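# Inside the fold
Now for the letters of each chain:
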Amino acid sequence: MKSLAFIVTVITGVLLIYATADFPDWGDPSSPASLHVSPRYIEKTVEETGVPNMVTSVLADYRGYDTLFETTVIFTAGITAVMLIRRPRK
Amino acid sequence: MITPLENIIIKTICRLLIPFIQLFGLYVIAHGHGSPGGGFQGGCILAASFMLVVVAFDLPEAKRRFSEKMNNIFSSLGVFIYAWTGWMCLLLGANFLDYGILSKILPVNPVMARYYGMFSIEVGVGITVMAIMVSLFLDLVTGGKHEEALDE
């Protein structure tokens, strides 16, 4: 059973490494990620949102929904930690 | 456990240093649009200033300045501010978190309304991160027993 798991792991690893050969090169300007929404963010950030910082405009405006629930995750995790650890004096 | 520290040098230096750390934290939150920074980083800096109070003074003194109840209120207030910025846009007739519509209630054009919408959510993120960091620090450093922390 252990050798079977080893063989499955090796085959999966080889397949994954083989698949990385099809990835676009690092920083390739014609890769799908650079062609779809990135040019819009780079060209229109100042015009559309008025902030000079592209990172903030993506984080807080174009991807605002994501950041809302990032904040909610921090809030929920913190409240859970307080509920589990805190022992008030009776 | 936290032992009270009777060292006049540390206390004086921290008393001088803490306002500047908090000012820097507020700067990082408020200027997160134009420079590296934002709510998460600024909230952590504000929380660090509070941790310095706990380390330099003691826990009851720190909790007298920023009580546990206030801390819990602040941790939910940040998410409240963020979500209500989104809801305001929804109530004014745009999509959720589409800040351009806030120009109806703010005296600015839609582009600058997006700017101030982003500022508002950064403030919300900063408040939540600060309060959660402080409460995590206090609970972990005392094992959840704030009141008994100085007894032993």
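Residues numbered from 1 in each chain as written. Chains lettered and ligands numbered in written order. Predicted model: local features only at pLDDT ≥ 70, side-chain atom pairs only at ≥ 80, totals over all residues. Heavy atoms only, no water.

### Looking at the overall build of chain B
Along its length, chain B carries five helices and zero strands. When its helices and strands are written in sequence order, chain B yields α-α-α-α-α. Summarising its shape, the C-alpha atoms of chain B cover approximately 60 × 30 × 20 Å along the three principal directions. A burial count over chain B gives 43% of its 152 residues as buried. Residue pairs at least 24 apart in sequence account for 58% of intrachain contacts in chain B once pairs closer than 6 positions are excluded. Summed over its atoms, the accessible surface of chain B is roughly 7700 Å², and 70% of this surface lies on carbon and sulfur atoms. Chain B carries 9 positive and 11 negative side-chain charges, and their two centres are separated by 9 Å. (Helix = DSSP H or I, 4+ residues; strand = E, 2+ residues; numbered from the N terminus. Buried < 20%, exposed > 50% of the residue type's maximum accessible area, 1.4 Å probe, protein only. Contact = heavy atoms within 4.5 Å. Areas by Shrake-Rupley, 256 points an atom, 1.4 Å probe, with all protein chains shown as cover. Lys, Arg positive; Asp, Glu negative; His and termini not counted. Charge placed at Lys NZ, Arg CZ, Asp CG, Glu CD.)

### Notes on helix α4 (residues 68–91) of chain B
An ideal rise of 1.5 Å per residue puts 34 Å on 24 residues; α4 of chain B measures up with 34 Å between its terminal C-alpha atoms. Restricting attention to buried positions, one finds in α4 of chain B the residues Asn71, Ser75, Gly78, Val79, Tyr82, Thr85, Gly86 and Cys89 of chain B. Looking at the buried positions of α4 of chain B, the neighbouring elements they touch are α5 (64–85) of chain A together with α5 (110–142) of chain B. A positive backbone phi angle near 110° is found at glycine 93 of chain B, which sits one or two residues after α4 of chain B. (Expected span 1.5 Å × (residues − 1).)

### Examining the environment of alanine 60 of chain A
Inspection of the secondary structure assignment puts alanine 60 of chain A in helix α4 (residues 54–62). The exposure class of alanine 60 of chain A is buried, given its relative accessible area of 1%. Not counting the four nearest positions on each side in its chain, alanine 60 of chain A is found in contact with Tyr99, Met118, Ile121 and Glu122 of chain B.

### Some thoughts on the interface of chain A and chain B
With 31 residues of chain A in contact, the opposing surface of chain B contributes 37 residues. For the pair chain A and chain B, the number of links is two salt bridges. Between aspartate 61 of chain A and arginine 114 of chain B there is a salt bridge; the shortest N-O distance is 2.7 Å. Joining chain A to chain B, the criterion identifies 10 residue pairs in polar contact (both at pLDDT 80 or more). Taken together, the elements giving at least two residues each to the side of chain A that touches chain B come down to α3 (38–49), α4 and α5 of chain A. Among the elements that make up the side of chain A that touches chain B, the one with the highest residue count is α5 of chain A (14 residues). Split into classes, the residues belonging to the side of chain A that touches chain B amount to 14 nonpolar, 10 polar and seven charged. (Salt bridge = Lys/Arg side-chain N within 4 Å of Asp/Glu carboxyl O. Polar contact = N/O pair within 3.5 Å; in protein donor to acceptor, adjacent residues only side chain to side chain. Nonpolar A, V, L, I, M, F, W, Y, C, P; charged D, E, K, R; others polar.)

### Concerning the side chain of threonine 67 of chain A
For threonine 67 of chain A, the location among the structural elements is in helix α5. Judged by its relative accessible area of 3%, threonine 67 of chain A falls in the buried class. One polar contact links the side chain of threonine 67 of chain A to the main-chain carbonyl oxygen of leucine 59 of chain A, over a distance of 2.5 Å. Residue contacts for threonine 67 of chain A: discarding those within four places in its chain leaves Leu59 of chain A together with Phe40 and Tyr82 of chain B.

### A short note on unusual backbone geometry
Residues and elements named next belong to chain B. Located in the positive-phi region is leucine 97, a residue other than glycine, with phi close to 65°. When you line up the elements, leucine 97 lands in the loop between α4 and α5. For leucine 97, a relative accessible area of 5% corresponds to the buried category.

### Quick word on the pattern of salt bridges
Summed over all chains, the structure comprises seven salt bridges over all chains. Measuring nitrogen to oxygen at the nearest pair gives 3.0 Å for the salt bridge that ties arginine 40 of chain A to glutamate 48 of chain A. Exposure remark for arginine 40 of chain A: the relative accessible area of 43% places this residue in the partly exposed category. Accessibility expressed as a relative area gives 23% for glutamate 48 of chain A, which makes it partly exposed. The partner of arginine 65 of chain B in a salt bridge is glutamate 61 of chain B, with the nearest N and O atoms 2.9 Å apart. Placement of the pair is arginine 65 of chain B and glutamate 61 of chain B together in helix α3 (residues 59–65), with a separation of four residues, close to one helical turn. Look at the salt bridges and you will find they share partners, linking Asp61 of chain A together with Asp98 and Arg114 of chain B into a network.

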